[in-house]
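Examination of the molecular architecture
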Amino acid sequence: MDIDYQQLRLDYVRAAEQDAAAPAHYPVIVVGAGPVGLAAAIDLARQGVRTLLLDDDDRLSFGSRAICFAKRTLEIFDRLGCGERMVHKGISWNVGKVFFQDELVYSFNLLPETGHRRPAFINLQQYYVEGYLYERARELDGLALRWKNRVVAVAADADGVEVTVETPDGPYRVRGDYLLACDGARSPVRHLLGLSSSGQSFRDRFLIADVKMKADFPTERWFWFDPPFHRHQSVLLHAQPDNVWRIDFQLGWDADPEAEKQPERVTPRIQALLGHDAEFSYEWVSVYTFACLRMEHFRHGRVLFAGDAAHGVSPFGARGANSGVQDADNLVWKLRLVLAGLAPASLLDSYDSERVYAADENILNSTRSTDFITPKSEISRTFRDAVLLLAREHPFARRLVNSGRLSVPAVLRDSVLNTPDQDAFAGAMVPGAPAADAPVRAGGAPGWFLDHVGDDFTGVLFSDGTALAPEVAAALDHLGHAAIPIRPRVVVPAGTAPRLPHDLVALEDVEGKLAQRFDACPGSYYLLRPDQHVCARWRRFDADRAQAAVARATGNA
Amino acid sequence: MASLNIEPNIARPDDFYQALIDTHRDLSGEESQLLNAKLILLLANHIGDVDVLCQAMARARDGIRPAPTKVPR
Ligand SMILES: Cc1cc2nc3c(=O)[nH]c(=O)nc-3n(C[C@H](O)[C@H](O)[C@H](O)COP(=O)(O)OP(=O)(O)OC[C@H]3O[C@@H](n4cnc5c(N)ncnc54)[C@H](O)[C@@H]3O)c2cc1C
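Cut-offs used in this document
- Counting restarts for each chain, with residues numbered from 1 along the sequence as it is written.
- Lettering for chains starts from A, numbering for ligands starts from 1, and both go in the order in which the items are written.
- Given that this is a predicted model, residues contribute local features only at a pLDDT of at least 70 and side-chain atom pairs are listed and counted only at 80 or more, while totals for whole chains, interfaces and linings are drawn from all residues.
- Excluded from the side-chain calculations are hydrogens and water; all other atoms, namely the structure's heavy atoms, are used.
- UniProt positions are given in the numbering used here, feature names are shortened, and annotations may be inferred rather than shown by experiment.
- Under the DSSP-based scheme used, a helix requires at least four consecutive residues in state H or I and a strand at least two consecutive residues in state E, with every element numbered from the N terminus.
- Residue burial considers only the protein chains on display, and all accessible areas are found by Shrake-Rupley using a 1.4 Å probe.
- For a helix, the expected span equals 1.5 Å multiplied by the residue count minus one.
- Relative accessible area decides the class of each residue, using a 1.4 Å probe on protein chains only: under 20% of the type maximum gives buried, over 50% gives exposed, and in between gives partly exposed.
- Disulfides are defined as cysteine sulfur pairs within 2.5 Å.
- Salt bridge, as used here: a side-chain nitrogen of Lys or Arg that lies within 4 Å of a carboxyl oxygen of Asp or Glu.
- Residues are labelled near a given molecule or strand when at least one of their non-hydrogen atoms is within 4 Å of it.
- Whenever a nitrogen or oxygen atom comes within 3.5 Å of another N or O atom, the pair is scored as a polar contact, on the condition that within protein one atom can donate a hydrogen and the other can accept it, and that pairs from neighbouring residues in sequence are kept only if both atoms are in side chains.
- Any residue that is not Ala, Val, Leu, Ile, Met, Phe, Trp, Tyr, Cys, Pro, Asp, Glu, Lys or Arg is counted as polar, Gly included; the first ten are nonpolar and the last four charged.
- These domain boundaries are the output of an automatic or database domain assignment.

An unreviewed UniProt entry lists chain A under the name 3-(3-hydroxy-phenyl)propionate hydroxylase, from Plasticicumulans lactativorans. As recorded by UniProt, the Cofactor (unreviewed entry) comment attached to chain A reads in full: "FAD".

A few words on the overall build of chain B. If you tally the helices and strands in chain B, you get three helices and zero strands. Counting helices and strands in the order they occur from the N terminus, chain B gives α-α-α. Seen through its C-alpha atoms, chain B measures out along the principal axes to roughly 45 × 30 × 25 Å. Just so you have it, chain B exposes about 6500 Å², and 58% of that area is on carbon and sulfur atoms.

All names here are of chain A. With twelve residues, helix α1 (residues 35-46) extends 16 Å from end C-alpha to end C-alpha; this agrees with the ideal 16 Å at 1.5 Å per step. Counting buried residues in α1 gives eleven out of twelve residues, a clear majority hidden from the surface. For α1, every residue scored as buried is listed here: Pro 35, Val 36, Gly 37, Leu 38, Ala 39, Ala 40, Ala 41, Ile 42, Asp 43, Leu 44 and Ala 45. In the stretch just after α1, Gly 48 is the one whose phi turns positive, near 90 degrees.

What follows deals with the UniProt feature "domain: FAD-binding" (unreviewed entry) in chain A. Here, the residues flagged by UniProt with the feature "domain: FAD-binding" (unreviewed entry) are residues 26-361 of chain A. In the segment residues 26-361 of chain A, helix accounts for 29% and strand for 34%; the C-alpha atoms at its two ends are 34 Å apart.

A separate point is the state of the cysteines. Residues and elements named next belong to chain A. Per the counting criterion, the structure on display carries zero disulfides over all chains. Not part of a disulfide, Cys 82 finds its nearest cysteine sulfur in Cys 182, a span of 15 Å. For Cys 82, a relative accessible area of 4% corresponds to the buried category. Between Cys 535, a cysteine without a disulfide, and Cys 521, which holds the nearest cysteine sulfur, the sulfur-to-sulfur distance is 19 Å. The class for Cys 535 is buried, based on a relative accessible area of 0%.

What follows is about the pattern of salt bridges. Should their charged atoms come close, side chains of opposite charge can pair. Residue and element names in this part refer to chain A. The final tally for this structure, using the stated rule, is 46 salt bridges over all chains. Where Glu 113 meets Arg 517, a salt bridge forms, and the shortest distance between an N and an O atom there is 3.3 Å. Separated by 404 residues along the polypeptide, Glu 113 in the loop between β6 (103-109) and β7 (121-123) and Arg 517 in helix α13 (residues 513-517) bring together distant segments of the chain. Residue class for Glu 113 comes out partly exposed when judged on its relative accessible area of 42%. Lys 261 serves as the salt-bridge partner of Glu 258, at 3.2 Å between the closest nitrogen and oxygen. Exposure remark for Glu 258: the relative accessible area of 47% places this residue in the partly exposed category. One connected set of salt bridges, linked through shared partners, spans Asp 43, Arg 46, Lys 71, Arg 72, Glu 75, Arg 79, Asp 329 and Asp 455.

The next point concerns the site of the ligand. Residues and elements named next belong to chain A. Around the ligand there are 32 residues in total, and Asp 55, Asp 56, Gln 126, Asp 308 and Asn 322 lie nearest to it. A distance of 2.7 Å separates an oxygen atom of the ligand from a polar side-chain atom of Asp 55. Ala 318 places a main-chain nitrogen or oxygen 3.4 Å from an oxygen atom of the ligand. Across the complex, the protein chains shield 89% of the 1000 Å² of accessible surface that the ligand would expose by itself. Broken down by secondary-structure element, the contributors of at least two residues to the shell around the ligand are α1, β9 (150-157) and α8 (320-339). Of all the elements, α8 adds the most residues to the shell around the ligand, at three residues. Residue composition of the shell around the ligand, by class: 16 nonpolar, nine polar and seven charged. Looking at the shell around the ligand, you find at least three residues from each of domain 1 (16-86 + 123-197 + 293-348) and domain 2 (206-289).

Below, the structure is given as structure tokens:
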């Protein structure tokens, strides 16, 4: 039986240090146990950084919130140790369909190739995602989780941050070297520091109903423009686990949000879609408006902002929680190195530049989708309708139809942490790209490439499967023991299993997809960051260049 | 970068112009707007080159009202 995470109450427990005369100290304090704060705290604790996670509430997510979790986010959850549960419970999907009036005009497959562990998306209610993250968090020593702990004051100076926390037993103070604000769209920490998030809100309202019913729609994303059952507006339908369906009706700006939530208004809309004899019950019904916002900077000295606190998008594209988890993925290894004295604090500025870049990409995509779904002017609507009319017969117009460009990770092409290419490579694995997955076999056991990279820097040497030159093997091993280690991985062709010295790990490229996706030939060497993004690559391994690239990627150059 | 051809390029200009006007015959203002939009999209796809298309858009706007400058964040 699944736990009902929406009903779960997380008890406030009085911490001994609340009585201490001087405030306790943690390397990192994370504010907010939403998906982003939980992911960040788990990753920090896993990587050996003692972390305090504070949340003002005593429950996980409830109501209609995120359902679509993207491939890259699942890969991060895999690294955190809870991806499998999410995918097992979630509904995997790759295909989206767009209808105009009563015709299918466009269908897309977000992952048209095989050889990836994770699908393009799963649908899973946010409360399951948070529930599984919470349970993962509880397994970790070095992670203190406190519910009903509301941050009410923040004082940051050059040496650290002191926060005042309000609890059912009254306030207490605690100090951190760094404060990670993952406290959501309204971000009290942002307000306490006198900072703002700005952008554009959209003049439209959406009725979002999560209904429980038995239905046999395929597990695809279905989007209608101007369907017969909801004229002149759009509708989105998505399957969720436990026979829950998300139905999203565009209402227009003039709709009355209170009245539209009432069952007597909602039921006829749903019956128009499903038929009058459809049997269903309500989980949640709400009316939303959306905005695209971001803070100018995500780093303010020792306070770092991530997730909805730092940026916000409309949900068409599923870029909210997904990008927030990717913020955490980007930040944690940098914090770990800075706290360990292995990188200068300026490395954290690359968190700001890389994730501001990613946020802008998400906002751009989200704004474009919203402009297509909710045209802002007469002429914009005319062009939109013209695209949809043409899309019935013309493949070119189908590509202009925009019902949401779904979350993909940002390629950090211009990042200062990248070592620019000197050698010629084709394909998508440019410096800045998150590493592609592929099936591999290690020590006879089948698995996936991404399970063998990350947390530390990883050096991936592609070989022809014959024995490695002894000086290469020794150099790989040596880099594996540096102050900032580069964990060596040797990729060998299918069917070869060379014995490698120094306990070097061989990954058998069982389908040849790894070499293909990385455009690698024997001798090619890729350097991956702890967050699995490519940061340098060469046609030939050279230990000095690899070390220089690590220095650059850690702000030590 | 390819540039927008603004030299005469239509062999039978009067025929073309008449055909353009005739295409809109009997249409309401709103229907004509829709037709124009479809026509632009079809032609834009035929041209394909976004640089050329942007030059055409800028030239079309020219003399009507200056284009809004992008608001810096
Ligand atoms: C209808 C809808 C559909 C969506 N669909 C998707 C989707 O399909 N995919 C997707 O990726 N995203 C989606 N999103 C967006 C997603 O829900 C958010 O982006 C995500 O919840 C952000 O996570 P977060 O951890 O940054 O913030 P939150 O989830 O808001 O968590 C913030 C936490 O901080 C706590 N907190 C606040 N103030 C304090 C304080 N002073 N002290 C201590 N704790 C505090 C709060 O209690 C909360 O637990 C959707 C959103 C909506 C509304």
